Amino acid sequence: MTRKAPLNPFAAYLWLAEAGFVFAMHSAQLCMQPGKAAGRLAALGAEKQQAFAQGAMQAGLAALRGAKPHAVANAAMAPAKRRVRANKARILKGKTLKAR
């Protein structure tokens, strides 16, 4: 019988810190460029809706396959986590989300 790696109790806090950083940086960028704020906010909102829809679909599929509750929750959060990490990397490189 193989041992499973212990769960990291700080993983959720790390993700929340990353999400908070991304939110703060986007807010600062919006304050610095108020003329572009409407388009950027629409793009940010669309990004959140897309991540939510993908997470809902993945969670539903995981539940239909009979996955355990924590696996369903992880499937639901996976798209949002990927987008937060991608946004953080983009911000740290000095790039911003462009309005579509």
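What this report covers is the structure whose coordinates are included nearby.

1. With respect to the packing of helix 1 (residues 11–32) against helix 3 (residues 69–92)
If you want to describe how two helices pack, look at the angle between their axes and the distance between the axes.
Line of reasoning, step 1. Running from N to C, helix 1 and helix 3 cross one another at 50°; their axes reach a closest spacing of 9 Å. Here helix 1 is positioned oblique relative to helix 3, judged by the angle of their axes. For the element pair helix 1 and helix 3, the recorded crossing hand is left-handed. The segment helix 1 lies against helix 3, with Trp15, Glu18, Ala19, Phe21, Val22, Met25, His26 and Gln29 engaging Met77, Ala80, Lys81, Val84, Arg85, Asn87, Lys88, Ile91 and Leu92.

2. Points about the pattern of salt bridges
Line of reasoning, step 1. Evaluation of the coordinates by the stated rule reveals 3 salt bridges.
Line of reasoning, step 2. Note that Arg85 and Glu18 form a salt bridge whose closest N and O atoms lie 3.9 Å from each other. Here the residue Arg85 occupies a position in helix 3, and Glu18 occupies one in helix 1, the gap between them amounting to 67 residues.
Line of reasoning, step 3. Since its relative accessible area comes to 47%, Arg85 is described here as partly exposed.
Line of reasoning, step 4. By relative accessible area, Glu18 is classed as buried at 10%.
Line of reasoning, step 5. For Lys48, the salt bridge is made with Glu47, and the minimal N-O distance between the two is 3.4 Å.
Line of reasoning, step 6. Judged by relative accessible area, Glu47 falls into the buried class, the value being 6%.

Basis of the calculations
- Sequence order as written defines residue numbering, which begins from 1 separately in each chain.
- This being a predicted model, a pLDDT of at least 70 is required before a residue's local features are given, and a value of 80 or more before pairs of side-chain atoms are given or counted; all residues contribute to the totals for chains, interfaces and linings.
- Side-chain measures were taken over the full set of non-hydrogen atoms in the model, leaving aside hydrogen atoms and water.
- Every angle, taken between N-to-C directions, lies between 0 and 180 degrees, and every axis is a line fitted to C-alpha atoms, over only the stretch in contact when it is a helix.
- For helices the rule is a DSSP run of H or I covering at least 4 residues; for strands it is a run of E covering at least 2, with both sets numbered from the N terminus onward.
- Note on terminology: angles under 35 degrees are roughly parallel, angles over 145 are roughly antiparallel, angles of 65 to 115 are roughly perpendicular, and the others are oblique.
- Helix crossings get a hand from a simple test, with the near helix turned counterclockwise from the far one by less than a right angle marking a left-handed crossing and a clockwise turn marking a right-handed one.
- We call two residues contacting when some pair of their heavy atoms lies within 4.5 Å.
- Any carboxyl oxygen of Asp or Glu within 4 Å of a side-chain nitrogen of Lys or Arg constitutes a salt bridge here.
- Summary of the burial criterion: residues with accessible area below 20% of their type's maximum are buried, those above 50% are exposed, and those between are partly exposed, where the area comes from a 1.4 Å probe applied to protein chains only.

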